[in-house]
Structure formats: C-alpha cells, structure tokens
Amino acid sequence: MLKRFFAYYVPHKRLFYVDFFSAIVVAILDLIFPLVVQWFINTLLPEQEWGTVVWVSGGLLATYLVSAYLQYNVNFLGHKLGINIETDMRQDLFESVQRQSFRFFDNTKTGHIISRITNDLFDIGELAHHGPEDLFIAVMTFVGAFSIMFYVNPSLALIALIFVPILIALITYTNIKMNKAWRKMYAEIGDVNARVEDSVSGMRVVQSFTNEAHEVETFRENNKRFRNAKVGGYKVMGYTSSGIFLATRLMILSVLIYGAWLLYVETIDVGEFVLFILYINILFKPIEKISAILELYPKGMAGFKRFTDLMDEEVDVVDKEDAKPAPLLDGAIEFNDVTFGYEENRPVLKNVDLVIPAGKTVAFVGPSGAGKTTISSLIPRFYDINGGAITINGINITEMTKESLRSQIGIVQQDVFLFGGTLRENIRYGNLHATDEDIYHAAKLANLDALVESLPNGYDTQIGQRGLKLSGGQKQRIAIARTFLKNPPILILDEATSALDTETEALIQQSLKELAEDRTTLVIAHRLATIRHADHIVVVTKDGIVEQGTYDELIENNGVFATLNSIQIKQ
C-alpha cells in the first residue's frame, strides 16, 4: 500500500525535492547552533574576542534569515505538495466511480461514496506533506543530536538515551491503537453522510409522513457512534501525549541533575553543560513531530486504505480489448437467448428472444418487477448479460465501445434527474457541444417555450437542486429537450408519463411522438392507452415474454394484455 501511496509523489517530485532539501538544511542549522553557543561560552567570551563575537553574531543573523526563507519553503511548498497529491487522488477516485456500472451504485450508499471522495482524503494531504519529511527529519535530528552528545560526553548522552526505548514503545502502541480507531471513525462518518444524503434528498417524503422526529433520532444514533469512535481515538492519543510529555521531562530532569553533578566534580565545563541542555531541547522537536505523525499517520492511512478499496472495486462492465467504435446504427435490435439476473442464481430474464425492427416503436407492458426496465437497461450495457447475446445492426453490443454505443441511445425516464444550475445548462447536458441555437430549437420541439417565457431569467434561470422549482411535466419536457439535442437513432421511454396528470400527459405524449419519429423507440408503459399506436407490443411477466403483437391483435387474443387492458378500462 505504501508503494501506491508514494507513486503519487512522482508527478510532483521537483516540488518534493525542494521541500525536502529545505527541511534538511533547516534541521542541520538547528544542530549547529548549540555548537556555536558552546564556542561562544568556552572560547570567545573568556578570550574577549569581541571582533570575532560581532562577526559570528552577524553570521548567525544571516543564518537565521536563510533558515526563515527555508521555513517558508517547508510550510508553503510542503502544503502545496500535499494539496496536489490530495487533488490527484480525488480526481482518480472520481474517475474510478464514473467508470462503475449500475450494479455498483445499486449496492453502494451514495453517502459512503461522497465520504470517500471528500472526508477520507482530507488527512491524506497532510500526511503526504508531513509524513515522509517529518519522519526523516526526526530520525536525522535524533541521530545527529545523540552523535554530537556522545562525542562530547558519552555518559551524559547515555542518561538521555535510556528514555528512547520508552518513547519507541509508546509510539508503537499508539500506532496500532490509532489505526483501529481511525478506521472505525471513517466508517462511521460514511454512515453519517449516507443518513444526511437520504434525509435531505427525501425531505418531501419525510415531512409528508411527519417522520422528522424519526429522522432526527436515527441521525442522533449515527452521529453518536461517530462521536464515540472519534473520542476513542483521541483518548488513546491523550494517553500517549501524556506519556511522551512525562518521558521527555524526565529526560531533561535527569540530564540536568547528572550534568550538574559532572559540572560540580569538574568532569565537564559550563559550555558542554549548556550544549547538552540545548540538544535536549532540540530533541523535543523530533519527538513533537513523531507525536504529530502518530495522530496523522493512522488517520491518513485509514483514509488511504478506504481510497484504495474503492479504487480497486472491480468494474464489471468494461470494453473488450478489441472493441471498436460503433458505426451509425439504424436501431435493428435482437435479443438471442438472453439470460440475466441482478444477483447470482436469481435470473430476472431467462432465455429471452426478441426482435425489434429498425425505425419501429415497440412497447413493453406487464406487471411491476417482470423485467421491462431490465430489458431497456441491457441495450446500453448498463449491465452485462449472463448468457446469450444482444445485437444492434447485427453487431454484438460487447464488440462496440460503451461510449460509442450509449452515444446513440437516448433515454427519457419517469424520474428525471436535473442538475443544480440553469435551464440552459440542463438542456445542454444532452450535447455539451451544442450551440445556443441548437438549445433553443430542442426546447421548441419539446414544447418548452411557455416555460421559458414564464421564468424570470429565461434560459439562464436557476432551476434549483434536482429541479425542485419545476413541476413534473416541466422536468419531463427538459428531459425530452435533452434527448432532442442528443438526436440518437435509438430511444428508450421508461414510463416517461406515468406520474403526470392527464392534461400534462397529453402534452408530453405529443412531444414524445415528435421525438420518436424516424427512430427505433422502446416504450415501457403502465397506461396501455398511451401505446395504442405502437407498431408492436411485447407483454412481459415473471415467466418472460408471453405475448407479442399489435394492440388490436393482442386484444383479440384475449390473453394477458387483454386482461390488463380490461382492468384499466374499469378503473
């Protein structure tokens, strides 16, 4: 996992080298300072070399200025490096999610995906900056300081070294405990995000059923679990911080006592004693860095582990290696012995054979859950079939690239999704390269003129998140305008008018009729009256395709379709 983590440094290696070099130079300058102080005390002051004192002081000032500039590099460029890596990871993760099939989204909570793309990566940027750099500088400072201390007085250095195993034990214990704590915390915040996403998206349902208190209580439980997981992590951190504080203070107290004794018996001089005190204080810096890493590393790596888990999620609908861009399709679709199920060993469709002629309108009817929408979802390869083959123009759809196949299929669903933005932006989503004139023409074909005129800013009016400011019929017309703009040879209408009132449905049906002209059109319908003029009707039940024919033929057959039709007429 670390190898994958460090791979993200490669595009920013120049920035890393500048930051790392600056940090090393700053650490070296910090190590030199106590030696200069010892020289001041033991040599320059007794000999009263005031000219040298002035020159050395000037040199120290210049050194401080250089160190200040390098500190700027470490802080600014280091954080810039971390932000760049965090941004690259977030981009890779978003692109990975975009490649996933419908099956992935069927089984994954939206809040969890959002959490992994946002919250999980926040600490990774800080870890990318501070992790390798601070760890290296801490080790270098430790080794450098102790080496100089051993050179000056081995016995006094050993007194300080006694506390190092205690610090290592604390660090190791904390790393294990914190990893568990932060992994749990990230899992809980994913649940919190999922709860918020569900509640806010379904606020109209929540309030219509007066279930606000239930939502508040459910959120309170999720929030409480997240709080407990986070508090548990900080509790471990508190124990460790206290232990490290006590160990370091005992270290300096021991050096003070033993150093004072050595000074008393004249084994060391005042300069060496001050040098040791300064180096003990210098040792606090790497200890503080390691303490910070103890907090950051488990959080960052827990987030990175969840990042890699999502990145490694297998994409089950992929282009074959030899897949080619689809030619211009006329829409002749065939299902040959097709079997499919959303779950293993639970087929929804079994050995389905179906022919849809090019340029014809074919309607699919039947009870809910029979597989009508499933059939329409298999044509654009939103799911891959378990057996058989689906062809368009005689070409197996798996031989085409997904992008070229889907670019020639337009879909208008019952539940229209609109993005937060303007009316113009939402229509243009059907063809991102469309001109304003193209948008106006598509809107006219979709009978959107009256809506545009009623909006305060016309096409530039903000329509609200998911189009909440619009009626169902208005949203349907926008979806139809998008499809006009896309201008595909194959059209799928998935119960596009079932949720509308009769008057609005009549208007939308007219727009759909114009949209379906000269296209191969698949209509999934609940109201049978709306498909009376379909060229062909397919009746789908849990037993598969049980009837096919024109509206009049199926009525005459007095089968499943006729029964459904009579029930609706009585209603």
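Residues numbered from 1 in each chain as written. Predicted model: local features only at pLDDT ≥ 70, side-chain atom pairs only at ≥ 80, totals over all residues. Heavy atoms only, no water.

Let us look at the overall build of the protein chain. In terms of helices and strands, the protein chain carries 20 helices and 10 strands. Taking 571 residues into account, the globule formula puts the C-alpha radius of gyration at 25 Å, and the protein chain, at 35 Å, lies well above it. For the protein chain, the spread of C-alpha atoms along the principal axes amounts to about 120 × 50 × 50 Å. Looking at the 571 residues of the protein chain, the share that counts as buried comes to 46%. Of all intrachain contacts in the protein chain linking residues separated by at least 6 positions in sequence, the fraction that spans at least 24 positions is 78%. Only carbon and sulfur atoms are counted for the fraction: they give 58% of the accessible area of the protein chain, which is about 29,800 Å². Averaged over its 52 positive side-chain charges, the protein chain has a centre that lies 4 Å from the centre of its 66 negative ones. (Helix = DSSP H or I, 4+ residues; strand = E, 2+ residues; numbered from the N terminus. Rg over C-alpha atoms; globule rule 2.2 N^0.38 Å. Buried < 20%, exposed > 50% of the residue type's maximum accessible area, 1.4 Å probe, protein only. Contact = heavy atoms within 4.5 Å. Areas by Shrake-Rupley, 256 points an atom, 1.4 Å probe, with all protein chains shown as cover. Lys, Arg positive; Asp, Glu negative; His and termini not counted. Charge placed at Lys NZ, Arg CZ, Asp CG, Glu CD.)

Further remarks concern the nonpolar core. A general feature of soluble globular proteins is that nonpolar side chains tend to end up buried together. By size, the foremost hydrophobic cluster in this structure holds 40 residues, and its most contacted members are L423, I427, L448, I531, I537 and F561. By residue number, the principal contributor to this core is helix α17 (residues 472-486), which donates 6 residues. The residues contacting L423, other than those within four sequence positions of it, are V452, L455, G458, Y459, T461, I463 and I478. Residues I148, L156, L167 and M251 belong to the second largest nonpolar core, which totals 32 residues. (Core = buried A, V, L, I, M, F, W, Y, C linked by side-chain atoms within 4.5 Å.)

With that out of the way, let us pick up the pattern of salt bridges. Between side chains of opposite charge, pairing is possible as soon as their charged atoms come close. Using the criterion set out here, one finds 12 salt bridges in the structure. With its nearest N and O atoms 2.9 Å apart, the salt bridge here joins K320 to E399. Of this pair, K320 sits in the loop between α11 (270-311) and β1 (333-340) while E399 sits in the loop between β5 (395-396) and α13 (402-406), and the two are 79 residues apart along the sequence. One salt bridge in this structure joins R381 and D384, with 2.8 Å as the shortest N-O distance. Judged by relative accessible area, D384 falls into the partly exposed class, the value being 22%. (Salt bridge = Lys/Arg side-chain N within 4 Å of Asp/Glu carboxyl O.)

So, on to a nonpolar patch on the surface. Nonpolar side chains collect at one region of the surface, where L246, L250, L253, L256 and I257 lie side by side and expose about 450 Å² of accessible area between them. Residue placement: L250 occurs in helix α10 (residues 212-264). Residue L250 is classed as partly exposed on the basis of its relative accessible area, which comes to 38%. (Patch = residues over 30% accessible without salt bridge, like charges linked within 9 Å, V, L, I, M, F, W, Y side chains within 5 Å.)

A separate point is the side chain of Q476. Along the chain, the position of Q476 falls in helix α17. Judged by relative accessible area, which is 3%, Q476 ranks as buried. Here the side chain of Q476 touches Q413 through a polar contact of 3.1 Å, landing on its backbone oxygen. (Polar contact = N/O pair within 3.5 Å; in protein donor to acceptor, adjacent residues only side chain to side chain.)

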